[in-house]
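# Survey of secondary and tertiary structure
The chain contents come next:
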Amino acid sequence: QGLWATHYLIVSLNLTQMLASELSMLIGVGVIFGAPLIGLLVDHSTCNKIKVLVSMLFINVLIWACLTFGIFNFRLVYVSVLLFFMGFNMGGITAILWPVFLEKIPYHLSVSLTGVLNVTPFLGAGLLQFITGMLMDRIGRIDGEYPIEAFQLAFLACFVTTVFCFIVTLVGAATLENRSRAN
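Residues numbered from 1 in each chain as written. Predicted model: local features only at pLDDT ≥ 70, side-chain atom pairs only at ≥ 80, totals over all residues. Heavy atoms only, no water.

Attention shifts here to the environment of Gly140. As for its placement among the helices and strands, Gly140 is situated in the loop between α5 (107–139) and α6 (148–182). Among the residues examined, Gly140 registers a relative accessible area of 16% and is labelled buried. Expressed as a C-alpha distance, the spacing of Gly140 and Ala150, which sit 10 residues apart in the sequence, is 7.1 Å. Sequence-distant contacts of Gly140, defined by excluding residues within four places in its chain, comprise Glu145, Tyr146 and Pro147. (Helix = DSSP H or I, 4+ residues; strand = E, 2+ residues; numbered from the N terminus. Buried < 20%, exposed > 50% of the residue type's maximum accessible area, 1.4 Å probe, protein only. Contact = heavy atoms within 4.5 Å.)

Structure representation (structure tokens):
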């Protein structure tokens, strides 16, 4: 959020820097509420954790679709709700990913695979920052500012990555479901 949200809100919605900064903080506030609330919900209910995770990833796809294909057409209240739920959803995904992982992976593999799971978000964030920066530079700056098209191209990379993660998770969930039915 610190790399793109404030500037994008200024450019796309013609907001002041202060208001755009305040709105971008809604992502962080969403994470603060989403992680513990989703964690509690999943821990204290009989819901299928994998289905919750897949659903949350689908919501993430929808959020990135909104950002990629036209947040500047939204009213300010909708943008605020979208940013809050972006954080809420990401906090929830983070909270539920570990329980799903530890519940479904055989214990003897969990230590090695925990190392992979720990590194993946950092690697992904580092690569996406590089890729989105490159894509934005392809469009270039106009009068020292990136235009909306540059952000949309960068967001397209995030959207495609999110769709990929959703599909991989959906296939993995289906595979686990089929295995549990066979047993």
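Text resumes after the structure shown.
This part covers the packing of helix α2 (residues 17–43) against helix α4 (residues 76–104). α4 packs onto α2 with a crossing angle of 40° between their chain directions and a minimal axis gap of 6 Å. Here α2 lies oblique to α4, going by the angle between them. In this structure, α2 meets α4 at a crossing whose hand is right-handed. Classifying every residue of the contact of α2 with α4 by side-chain character gives 18 nonpolar, eight polar and no charged. (Axes fitted to C-alpha atoms, helices over the stretch in contact; angles between N-to-C directions. Parallel < 35°, antiparallel > 145°, perpendicular 65-115°, else oblique. Left-handed = near helix turned anticlockwise from the far one by under 90°. Nonpolar A, V, L, I, M, F, W, Y, C, P; charged D, E, K, R; others polar.)

Note on aromatic pairs: each is described by the distance of the centres and the angle between the planes. By the definition in use, this model includes 12 aromatic pairs. Plain terms: the ring middles of Tyr8 and Phe151 are 5.1 Å apart, the flat faces sit at 55° to each other, and that makes the pair tilted. Within this pair, whereas Tyr8 is found in helix α1 (residues 5–13), its partner Phe151 is found in helix α6, the two being separated by 143 residues in sequence. Here Tyr8 matches Phe151 in class, with each residue buried. A ring pair is formed by Tyr8 and Phe155, whose centres lie 4.8 Å apart and whose planes are at 80°; its orientation type is edge-to-face. With a gap of 147 residues between them, Tyr8 in helix α1 and Phe155 in helix α6 connect regions that are remote in the sequence. The pair Tyr8 / Phe155 is uniform in exposure class, with both members buried. (Phe/Tyr/Trp six-rings, centres within 6.5 Å; stacked < 30°, edge-to-face > 60°.)

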